[in-house]
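Fold and geometry: a report
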Amino acid sequence: MYKPFVKHLENELFNRFNLQNRAIPAGLELKVSDRGRNPATIQSWCYQCPQLRKIRYTYIDAGESAQIFNSVIYPNHHYDLPLLGVDFLSFGKIKNLVVLDFQPLFQDDAYQRKYIEPLKFLHAKYPDLAQNLEMKFYDANQYFSKYLLFAKTDAETVATRLLAAFNDYLNLYWQMLDEAEPLQDPEDIARIVKAQKDYDQYSAERDPASGLFSSYFGHEWAERFLYGFLFEDAVPLA
Ligand code: BLA
């Protein structure tokens, strides 16, 4: 269901950047579940280039029961740009949840004006994908923008509307990256290192997918996947 989105992201990345493979720890790149009635496969890809220090995306294919496309792009630490976050989920073709955002590292006004206000017109362009839903796992005021696309929708809308929105958000992201001035001051750069690390810590601790990973692939594998790959700069709680 979301495979055309993976293809689209890949085409964009390979056309625009000089990508290098970024290692995924052994055993985390691909896993096939033997539990349950439907076989589930989880596969991940990871790249880097001079502007983007970590580009990762993951696809879970559990046939009719679940299709999930998740991705985070982390800019180089010389840029204070938001992270690009993608979480498209579909369960039994009935429950479809799509989230797409420029995930802000900071919440101050200057940052919002610079990196979040430009999203406003895109957010307004896709009212059917911007539903202002309440968040249960995350705090909407931390690492999310007010112009995120966040919707519970039907397969028809996913098929007909989401690719255009995805393309628009991606294009704006590439444009911002193009225009970004690299930070020079080591203190500024250290602040970005910390903010990206805090994002990983926050995300690893709250990830609503943790139970899903455990149920398909076992608890031990799920913890390794979360702390060893998805949010590798997070430290597991003792
Ligand atoms: C929700 N994301 C979810 C849920 C799951 C995942 C299972 C709960 C769906 C439900 O309501 O039943 C799945 N999350 C994943 C997967 C990965 C993951 C498969 O990290 C990793 C492979 N989540 C993100 C990113 C964004 C994001 C980058 O990982 C930003 C765009 C958003 N996911 C997001 C939000 C929700 C969600 C906002 C709703 C959570 C809430 O209500 O608080």
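Residues numbered from 1 in each chain as written. Predicted model: local features only at pLDDT ≥ 70, side-chain atom pairs only at ≥ 80, totals over all residues. Heavy atoms only, no water.

**Looking at the pattern of salt bridges**
Two side chains carrying opposite charge are able to pair once their charged atoms lie near each other. By the definition in use, this model includes 11 salt bridges. Among the salt bridges present, the one from D61 reaches K3, with a minimum N-O distance of 2.7 Å. Taken as a pair, D61 in strand β4 (residues 52–62) and K3 in helix α1 (residues 3–16) lie far apart in primary sequence, 58 residues in all. Given the relative accessible area of 23%, D61 is considered partly exposed. Salt bridges linked by common partners bring R22, K54 and E232 together as one network. (Salt bridge = Lys/Arg side-chain N within 4 Å of Asp/Glu carboxyl O. Helix = DSSP H or I, 4+ residues; strand = E, 2+ residues; numbered from the N terminus. Buried < 20%, exposed > 50% of the residue type's maximum accessible area, 1.4 Å probe, protein only.)

**Focus on the site of the ligand**
Taken together, the neighbourhood of the ligand is formed by 27 residues, with D87, K95, K136, F137 and D207 sitting nearest. Within the backbone of K136, one N or O atom sits 2.7 Å away from an oxygen atom of the ligand. In isolation the ligand has 850 Å² of accessible area, and contact with the protein removes 94% of it. Cavity membership is defined here by more than half of the atoms lying within 2 Å of grid points; on that basis the ligand lies in the largest pocket. Looking at the shell around the ligand, the elements that each hand over two or more residues are β5 (66–75), β6 (83–91), β7 (95–103) and α6 (210–217). (Near = heavy atom within 4 Å. Polar contact = N/O pair within 3.5 Å; in protein donor to acceptor, adjacent residues only side chain to side chain. Areas by Shrake-Rupley, 256 points an atom, 1.4 Å probe, with all protein chains shown as cover. 1 Å grid on protein atoms, 1.4 Å probe; cavity = no way out; pocket = protein on both sides within 12 Å on 5 of 7 lines; lining within 4 Å. Sits in = over half its atoms within 2 Å of the grid points.)

**Regarding unusual backbone geometry**
If you check the backbone angles, K93 has positive phi at about 65 degrees while not being a glycine. Despite not being glycine, Y143 has its phi angle at roughly 65 degrees, a positive value.

**A few points about the layout of surface pockets**
Empty space within the largest pocket amounts to approximately 840 Å³. As for the largest pocket, its lining consists of 38 residues, and the residues nearest its centre are D87, L89, L97, Y138 and P208. Those elements giving two or more residues to the lining of the largest pocket turn out to be β4, β5, β6, β7, β8 (149–153), α5 (186–206), α6 and α7 (219–230). Split into classes, the residues belonging to the lining of the largest pocket amount to 24 nonpolar, 6 polar and 8 charged. For the second largest pocket, the calculated volume is near 200 Å³. Along the wall of the second largest pocket there are 14 residues; nearest its centre are N132, A140, S145, K146 and L148. Looking at the lining of the second largest pocket, its residues break down into 7 nonpolar, 6 polar and 1 charged. (Points joined across faces, edges and corners; volume = space filled by probe spheres on them. Nonpolar A, V, L, I, M, F, W, Y, C, P; charged D, E, K, R; others polar.)

**Regarding the side chain of K54**
With respect to the element layout, K54 can be found in strand β4. Among the polar contacts made by the side chain of K54, one reaches the side chain of E232 at a distance of 2.9 Å.

**Comments concerning the environment of L52**
Among the secondary structure elements, L52 is positioned in strand β4. Classification of L52 by relative accessible area gives buried; the value is 0%. Those residues in contact with L52, other than ones at most four positions away along the chain, are F17, I73, Y74, P75, N76, W174 and L177. (Contact = heavy atoms within 4.5 Å.)

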